[in-house]
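# Inside the fold
Spelled out, the chains give:
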Amino acid sequence: MENWSKKLDLRRIPTFYESTFVKSPVAFGYIKPIILFPLGMLTSMPVQHLDAMVTHELIHIKHSDYLINLFISIVEILLFFNPIVWWLSGVIRAEMEHRCDDRAVLVTGNKLNYAYALVATSENQYFHDSQLALSMAKNRGHLTARINRLFDLKNNKSIAYGKPLI
């Protein structure tokens, strides 16, 4: 964790935990950042994929995405009736993921390993919980779009139209 944190110039080195409550890696916290991985995911992933996922989460911490998500959630609660707020929050969250994807690929230097790590994370998220299996189709489209975007494939539906508005 120290090596990854130094590579990204993080001021605070996050604490690393495994949990049965999360289905995919998640980073949160500002003063004392934490990265949670699903229980068993660390032993089932190759080291290259684990490097890619940890780098992605560290980039979220570096850019204080936890605070941004908290602010977006508060705005969504206050303006729950406004569909533009919901659309815009989705655009902002997608752009944060794209930024982290791009930086993680830049730091790790391997798009293919990162794409495999995304797929492995998605499989871990949905195939270990039968109740989530029905929602897989929706999020697989999101996963496919993220991977297409990494490799600059033509089927990528960019949300660049939202950038000027933001």
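This section reports on the structure supplied with the text. (Residues numbered from 1 in each chain as written. Predicted model: local features only at pLDDT ≥ 70, side-chain atom pairs only at ≥ 80, totals over all residues. Heavy atoms only, no water.)

## Some points on the pattern of salt bridges
All chains considered together, the criterion is met by five salt bridges. One salt bridge in this structure joins Arg 146 and Glu 97, with 3.4 Å as the shortest N-O distance. With Arg 146 in helix 7 (residues 136–150) and Glu 97 in helix 5 (residues 83–108), the pair connects residues that are 49 residues apart, well separated along the chain. Exposure remark for Arg 146: the relative accessible area of 12% places this residue in the buried category. (Salt bridge = Lys/Arg side-chain N within 4 Å of Asp/Glu carboxyl O. Helix = DSSP H or I, 4+ residues; strand = E, 2+ residues; numbered from the N terminus. Buried < 20%, exposed > 50% of the residue type's maximum accessible area, 1.4 Å probe, protein only.)

## Topic: the packing of aromatic side chains
Scanning the entire structure with this criterion turns up three aromatic pairs. Measuring from ring centre to ring centre gives 5.6 Å for Phe 80 and Phe 81, while their planes differ by 85 degrees; the resulting arrangement is edge-to-face. As far as the burial class goes, Phe 80 and Phe 81 line up, both exposed. (Phe/Tyr/Trp six-rings, centres within 6.5 Å; stacked < 30°, edge-to-face > 60°.)

## Some remarks on the side chain of Asp 101
On the secondary structure map, Asp 101 appears in helix 5. Overall, the relative accessible area of 0% leaves Asp 101 in the buried class. Among the polar contacts made by the side chain of Asp 101, one reaches the side chain of His 56 at a distance of 3.3 Å. Ignoring anything within four residues of it in the chain, the contact list for Asp 101 reads His 56, Tyr 114, Arg 146 and Leu 150. (Polar contact = N/O pair within 3.5 Å; in protein donor to acceptor, adjacent residues only side chain to side chain. Contact = heavy atoms within 4.5 Å.)

## Digging into the sheet that holds strand 2 (residues 26–28)
Remark on secondary structure: sheet strands pair via backbone hydrogen bonds, oriented parallel or antiparallel. Pairing within the open sheet is mixed, and its three strands lie in the order 1-3-2. Of all the strands in the sheet, just strand 1 (15–19) and strand 2 have a single pairing partner and so form its edges. Neighbour to neighbour, the strand axes of the sheet diverge by 25 degrees on average, direction disregarded. Sheet topology places strand 2 next to strand 3 (residues 34–38); three bridges connect them, and they run antiparallel. The residue of strand 3 that forms the bridge with Val 26 is Leu 36. Along the sheet, helix 3 (residues 47–62) makes contact with strand 1, strand 2 and strand 3, crossing strand 3 at roughly 145 degrees. (Pairing = 2+ DSSP bridges. Axes fitted to C-alpha atoms, helices over the stretch in contact; angles between N-to-C directions.)

## Points about the side chain of Thr 121
Mapped onto the elements of the fold, Thr 121 is located in helix 6 (residues 111–127). Within the structure, Thr 121 has its side chain in polar contact with the backbone oxygen of Ala 117 (distance 2.8 Å). The residues contacting Thr 121, other than those within four sequence positions of it, are Lys 23, Ser 24, Pro 25, Met 41, Met 45 and Met 53.

## Concerning the pairing of strand 3
Counted residue by residue, strand 3 has four buried out of five residues, so it is predominantly covered. One ladder, built from five bridges, connects strand 1 with strand 3; its direction is parallel. Its bridge partner lying in strand 3, Glu 18 is registered against Phe 37. Hairpin remark: strand 2 followed by strand 3, antiparallel, with five residues in the connecting loop; positive phi at Gly 29, about 105 degrees.

## Quick notes on empty space enclosed by the protein
All told, the structure shown has one cavity of 30 Å³ or more when counted by the stated rule. Computed from the structure, the largest cavity encloses a volume of approximately 50 Å³. Taken together, Ala 27, Phe 28, Gly 29, Tyr 30, His 60, Ile 61, Ser 64, Asp 65, Tyr 66 and Leu 67 make up the lining of the largest cavity. Of all the secondary-structure elements, those providing two or more residues to the lining of the largest cavity are strand 2, helix 3 and helix 4 (65–78). The element best represented in the lining of the largest cavity is helix 4, accounting for three residues. When its residues are assigned to classes, the lining of the largest cavity shows six nonpolar, three polar and one charged. (1 Å grid on protein atoms, 1.4 Å probe; cavity = no way out; pocket = protein on both sides within 12 Å on 5 of 7 lines; lining within 4 Å. Points joined across faces, edges and corners; volume = space filled by probe spheres on them. Nonpolar A, V, L, I, M, F, W, Y, C, P; charged D, E, K, R; others polar.)

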